[in-house]
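Coordinates in review
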Amino acid sequence: MNVTGGQPAPPEAQDSKLARWLVIAVLCAILVAACVLGYLGWTSTDTSVPASGYVALVLGVVFSLVVGVGLMALVFYSSRKGYDEPVVLIQEPESDPDDGQSGPR
């Protein structure tokens, strides 16, 4: 690595392009492998799914989406209302011993 004035030289554009394309190629290969395995798993058996199975599948997907959307809405709501700010300790005022109270109750 070249050093210029105590600072490392930026990587060459060609190296970063090669690394980017390599990452894209690996991710595409993983996607293709997942699709092939999904297809083989889907078609490897002659078992038929009853209608109640499809209804359960649809209800599970809808419920998961509702929970996910609801939680994301709560995240955005709490962020915009300031609930995500760091905690600040508010000191209680010291009680004056001359005010006639014997101590904390």
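Residues numbered from 1 in each chain as written. Predicted model: local features only at pLDDT ≥ 70, side-chain atom pairs only at ≥ 80, totals over all residues. Heavy atoms only, no water.

1. Section: the overall build of the chain
A tally of regular secondary structure across the chain gives two helices and two strands. Of the regular secondary structure in the chain, the N- to C-terminal order runs β-β-α-α. When burial is assessed residue by residue, the chain has 1% of its 105 residues classed as buried. In the structure as shown, the chain presents an accessible area of about 10,300 Å², 67% of it carried by carbon and sulfur atoms. (Helix = DSSP H or I, 4+ residues; strand = E, 2+ residues; numbered from the N terminus. Buried < 20%, exposed > 50% of the residue type's maximum accessible area, 1.4 Å probe, protein only. Areas by Shrake-Rupley, 256 points an atom, 1.4 Å probe, with all protein chains shown as cover.)

2. Overview of the side chain of serine 78
Among the secondary structure elements, serine 78 is positioned in helix 2 (residues 51–80). Not counting the four nearest positions on each side in its chain, serine 78 is found in contact with Tyr83 and Asp84. (Contact = heavy atoms within 4.5 Å.)

3. Considerations on the confidence of the model for the chain
Chain-level pLDDT for the chain is 84 on average; 78% of the residues reach the 70-or-more range. Strand 1 (residues 3–4) is the least confidently modelled element of the chain, averaging 56 in pLDDT, while helix 2 averages 95, the highest of any element. (pLDDT = per-residue confidence, 0-100.)

4. Section: helix 2
Along its 30 residues, helix 2 runs 43 Å from first to last C-alpha, staying within 8% of the 44 Å computed at 1.5 Å per residue. Glycine 82, located one to two residues past helix 2, shows a positive phi value of around 90°. (Expected span 1.5 Å × (residues − 1).)

5. Observations regarding a nonpolar patch on the surface
Side chains of Trp42, Val49, Tyr54, Leu57, Val61 and Leu65 sit close together on the surface and give an oily, nonpolar patch of about 670 Å² of accessible area. For the nonpolar patch, the element with the most residues is helix 2, which contributes four residues. Mapped onto the fold, valine 61 is located in helix 2. Take valine 61: its relative accessible area is 44%, and that puts it in the partly exposed class. (Patch = residues over 30% accessible without salt bridge, like charges linked within 9 Å, V, L, I, M, F, W, Y side chains within 5 Å. Salt bridge = Lys/Arg side-chain N within 4 Å of Asp/Glu carboxyl O.)

6. Looking at the environment of tyrosine 83
Its place among the elements puts tyrosine 83 in the segment after helix 2. What makes tyrosine 83 exposed here is its relative accessible area of 60%. Excluding anything up to four places from it in sequence, tyrosine 83 contacts Tyr77 and Ser78.

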